[in-house]
Amino acid sequence: MAHFDDEGIALRAIRLGETDRIVTFLTKENGKVRAVAKGVRRPKNRIGSRVEPLSHVSMMCWRGRELDTINQVELLESFRAIRSDLDRMSPALTMLEMVDQVALERSESPELFAMLLGALRALDNRYSPTILGAFCFKLLGLEGVGPIADRCAACESEGPLVAFDSAIGGLLCQSCRRGLAVSPEVVSYLQILGTGGLARLLEEPASPTATAFEHLGLAAMEYHLGRRLRSAHSGLGLSH
Ligand SMILES: [Zn+2]
């Protein structure tokens, strides 16, 4: 049987039979991988805690037709600060859910992997609502539908820009306005993000603007996915 080594971030896990789990990973080189973790629900199993959702691991798997099988796994990062703080766990689970939705099975996606790992490290370091908001818009960019933020998405005028519409995919001026009203501060967040200012944006403290930016990112992402994100509305922290 063929095997492969890779790095992965566990996105979710479901029960399989009495003692096993099927764990979905986003990997660095093999895209989304679904792998059986055998015996992990037995008491005192050493592998079980390493394949909980969020864990960043290095692993060796046997390649199967539909499901792979985890042979060896080592924990690289557990993101302990995220796990012990519900304010951070909710956005982290929402990011995992979004990635699970967009990632393709067994299709290399190093940019997506790097983006998720970077966002989880930022969140583990410090909580800010700009992290989830920025992740939503960056992910839309990776999907080829990044928001138009430097001009009106309908008439191309410079603005002032006062609204955001997911169907058009960007900000709108006073005369073209539709969708959601946005403040000048949220407009500037989108423009900072659109001009390579991610690091600067992540320095922004929690504020009503940061929260409005997060909600806008989630709304745009849910529009793109065509469904609600369960983790974003689970009551773990975020409310709409
Ligand atoms: Zn316009």
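The structure presented is a predicted model; accordingly, all values stated were derived computationally and were not measured.

(A) Highlighting the environment of Arg 41. Checked against the element boundaries, Arg 41 lands in the loop between β3 (32-37) and β4 (56-62). Arg 41 sits in the partly exposed class, given a relative accessible area of 25%. As a C-alpha pair, Arg 41 and Ser 157 span 116 residues in sequence and 58 Å in three-dimensional space. Excluding anything up to four places from it in sequence, Arg 41 contacts Arg 15, Leu 16, Gly 17, Glu 18, Thr 19, Asp 20 and Arg 21. A distance of 3.0 Å separates a polar side-chain atom of Arg 41 from the backbone oxygen of Gly 17.

(B) A look at the domain arrangement of the protein. Each assigned domain of the protein is listed with its residue range as follows: domain 1 (3-78) and domain 2 (83-233). Here the C-alpha centroids of domain 1 and domain 2 sit 29 Å apart. The interface of domain 1 with domain 2 comprises 28 residues on the first partner and 20 residues on the second. A buried area of about 1,900 Å², summed over both sides, lies between domain 1 and domain 2, and 58% of it is on carbon and sulfur atoms. Its largest share of buried area at the contact with domain 2, domain 1 owes to Leu 26, Lys 32 and Leu 54, together 34% of the area lost on that side. The tally of links between domain 1 and domain 2 comes to 5 salt bridges. Asp 100 is the salt-bridge partner of Arg 12, the closest N and O atoms lying 2.5 Å from each other. Applying the counting rule to domain 1 against domain 2 returns 16 residue pairs in polar contact (both at pLDDT 80 or more). At 6 residues, the largest contribution of residues to the side of domain 1 that touches domain 2 is made by strand β1 (residues 3-16). Among the residues forming the side of domain 1 that touches domain 2, the class breakdown is 7 nonpolar, 9 polar and 12 charged.

Conventions adopted
Throughout this document, residue positions are counted from 1 along each chain, in the order its sequence is written. Under the rules for a predicted model, residues below a pLDDT of 70 receive no local features and side-chain atom pairs below 80 are neither given nor counted, while totals for whole chains, interfaces and linings still include all residues. Processing note: side-chain calculations cover all non-hydrogen atoms of the structure and skip hydrogens and water entirely. Strands are runs of DSSP state E lasting at least 2 residues, helices are runs of H or I lasting at least 4, and numbering of each runs from the N terminus. Partly exposed residues are those whose accessible area sits between 20% and 50% of the maximum for their type, while under 20% is buried and over 50% is exposed, using a 1.4 Å probe and protein chains only. Contacts are assigned to residue pairs that have any heavy atoms within 4.5 Å of one another. Pairs of N or O atoms within 3.5 Å make up the polar contacts considered here, provided that, within protein, one atom can donate a hydrogen while the other can accept it, and that residues adjacent in sequence are counted only when both atoms are side-chain atoms. The split into domains, and so the bounds of each, comes from an automatic or database assignment of domains. Computed with a 1.4 Å rolling probe, the buried area is the accessible surface lost when two parts are put together, summed over both parts. Salt-bridge detection follows one rule: a side-chain nitrogen of Lys or Arg within 4 Å of a carboxyl oxygen of Asp or Glu. Ten residues, namely Ala, Val, Leu, Ile, Met, Phe, Trp, Tyr, Cys and Pro, are considered nonpolar, four, namely Asp, Glu, Lys and Arg, are considered charged, and the remaining ones, Gly among them, are considered polar.

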